[in-house]
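Residues per chain, in single letters:
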Amino acid sequence: MSIKSRIPKDFYKLFNSKYVEYFQRILIALYEQSSSSYSLLGLTQEECQDMIEIEISAITMDWSQNELEDDVLFTRTNMASVMLQKLEEWGWLRKDYDESLNCYVVSFPDYSQMFIELFQRLYSEESSMERESLLTVYSHLFTYHSSKEKDNEILKSALQSSKALLQMLSNMQEGIRGFFEKMTKQKTFLGIQEVLVNEMNNTDSQKYAILTTTDSFYRYKEEVKELIDQNMMENESRKQELFQKRKDLKSDSFEWRRNERGVQSSDEAMEILFQINREFDGIERRYNRLIDQKRVFAKRAAARIRYILTEGDVEEDYTKVLIQLLNTSGRKDEILERLGEGIGMTERFAVIKEKSFVKPRDVRKQVFEPQELVKQSKSEEQLDEFVVKPLYTKAQIRKFRKENEVDGVFQVTKNTVRTVEDLEKLLFVWQEATEIAEETEEIVVGEEFTTEAGLQYSGFTIRRK
């Protein structure tokens, strides 16, 4: 009778429950508590309810919906007893009465243990690397080589480990492809950083690091092949010895049947070794392909990072957002006009064209033309001649400001600027005032003025706080 046939019909109701995650975590907690319990008889119902209460408080269940579970209202007070009852009714737990303890004892059926061990792997952050390790294959083959009994179960374990390792490499390939697909979709450097951090914490990346460092694939690869060849040769020689001994044995005798079982065991071992060799060839090809794939995708990721570092983050660059808005909006002129009014421009904006003062830089490569070296005559110029002298002294700027002050308030009117020199002095007053405006002075921008000579400037007032 197989284990599958012993599973009750209501067993799979757990997966259809609204609280399936909580049921799984509670089963894991009860299973671990049962294995570490000092009692040889198992956990009692009271101990199970206490354990469920502790687990419920640890995982902080959501009670906001108040949903029914099979016409039973789950509350904080009856949760432990109802959950334990459901697990017993569905067949995940078995309840037996123990006369020595005078109470019911809870145990786990064999089919339930298989699922709970799977739940442990699903919820465990550090999964075991033993099944998916090259060292595991090597150890099984070496154990079979050193064993005198030559148990074929050891080779079957090596075959299962080889298949698990091949499947792990296949999962790594899919994981790398998905990782770099996420990388190429990122439009900001912070997004790329988040993808990289998640990849570093990914279990597949940790397994890849173990496979390439601790397992040392290229170091153990040749030794695994040598062990496979040695086991095949020894198995074939052992089979020939059994055939030679059979000639001296009486047919259908005990020794003859024992010899026949040895020959069958050798044939079975040879078949398993052939399968291990075939799986290992696939592992080697998959591993080399994984290395090449990781190198190619790493170049793509580096190119994406360089692009974002060069072009900047699309989502955080407000200048690009403004330009895109202006290109798509039908009210472009109105937006620019209101933007100019808010900034307080002294001159209307202008579009830079090919004939404008600012022209694009000529990037054409100039032809190299050697020039004759001209010997320069010695100059007696003094160092002071190279010092840039200011246009106006501080005294002149203070005098200009005092001439336009009324009761300590600097007021710019239409008569303030008459010449270009006055406009330049006004610019220096504005620059000096804005540098210290936040601390001691307050600036209020007013209307714009235009002189008879065509000079345009904004009126403003400067007063002390």
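It should be noted that the structure appears before, not after, this text.
Basis of the calculations
- Residues numbered from 1 in each chain as written.
- Predicted model: local features only at pLDDT ≥ 70, side-chain atom pairs only at ≥ 80, totals over all residues.
- Heavy atoms only, no water.
- Helix = DSSP H or I, 4+ residues; strand = E, 2+ residues; numbered from the N terminus.
- Buried < 20%, exposed > 50% of the residue type's maximum accessible area, 1.4 Å probe, protein only.
- Contact = heavy atoms within 4.5 Å.
- Axes fitted to C-alpha atoms, helices over the stretch in contact; angles between N-to-C directions.
- Parallel < 35°, antiparallel > 145°, perpendicular 65-115°, else oblique.
- Nonpolar A, V, L, I, M, F, W, Y, C, P; charged D, E, K, R; others polar.
- Pairing = 2+ DSSP bridges.

Our focus in this paragraph is the overall build of the protein chain. Scanning the protein chain from terminus to terminus reveals 14 helices and 7 strands. Expressed as a percentage of the 465 residues in the protein chain, the buried residues total 31%. Across the protein chain, contacts joining residues at least 24 apart in sequence account for 66% of those joining residues at least 6 apart.

The next thing to look at is the packing of helix α13 (residues 394-403) against helix α14 (residues 420-435). Following both chains from N to C, one finds α13 and α14 inclined at 95°, their axes separated by 10 Å at the closest point. Relative to α14, the element α13 lies roughly perpendicular. Of the residues in α14, those in contact with Ile397, Phe400 and Arg401 of α13 are Asp422, Lys425, Leu426, Phe428, Val429 and Glu432. When grouped by side-chain class, the residues that make up the contact of α13 with α14 number 5 nonpolar, no polar and 4 charged.

Either a parallel or an antiparallel arrangement is found when strands of a sheet pair, and the pairing is made through backbone hydrogen bonds. Pairing is antiparallel across the open sheet formed by 4 strands, whose spatial order is β4-β5-β7-β6. What marks the edges here is a single partner per strand, and that holds for β4 (405-406) and β6 (441-450). Bridging between strand β5 (residues 409-411) and strand β7 (residues 456-464) involves 2 bridges; their strand directions are antiparallel. Residue pairing for β7: Gln411 is matched across the bridge by Thr461. Relative to the sheet, α14 contacts β5, β6 and β7, its axis offset from that of β7 by approximately 40°.

Let us look at the environment of Phe243. Residue placement: Phe243 occurs in helix α9 (residues 217-246). The exposure class assigned to Phe243 is partly exposed, which follows from its relative accessible area of 33%. Along the primary structure Phe243 and Val263 are separated by 20 residues, whereas in three dimensions their C-alpha atoms are 7.9 Å apart.

Time to look at unusual backbone geometry. The residue Asp407 is not glycine, and still its phi comes out positive at about 55°. Locating Asp407 in the fold gives a position in the loop between β4 and β5.

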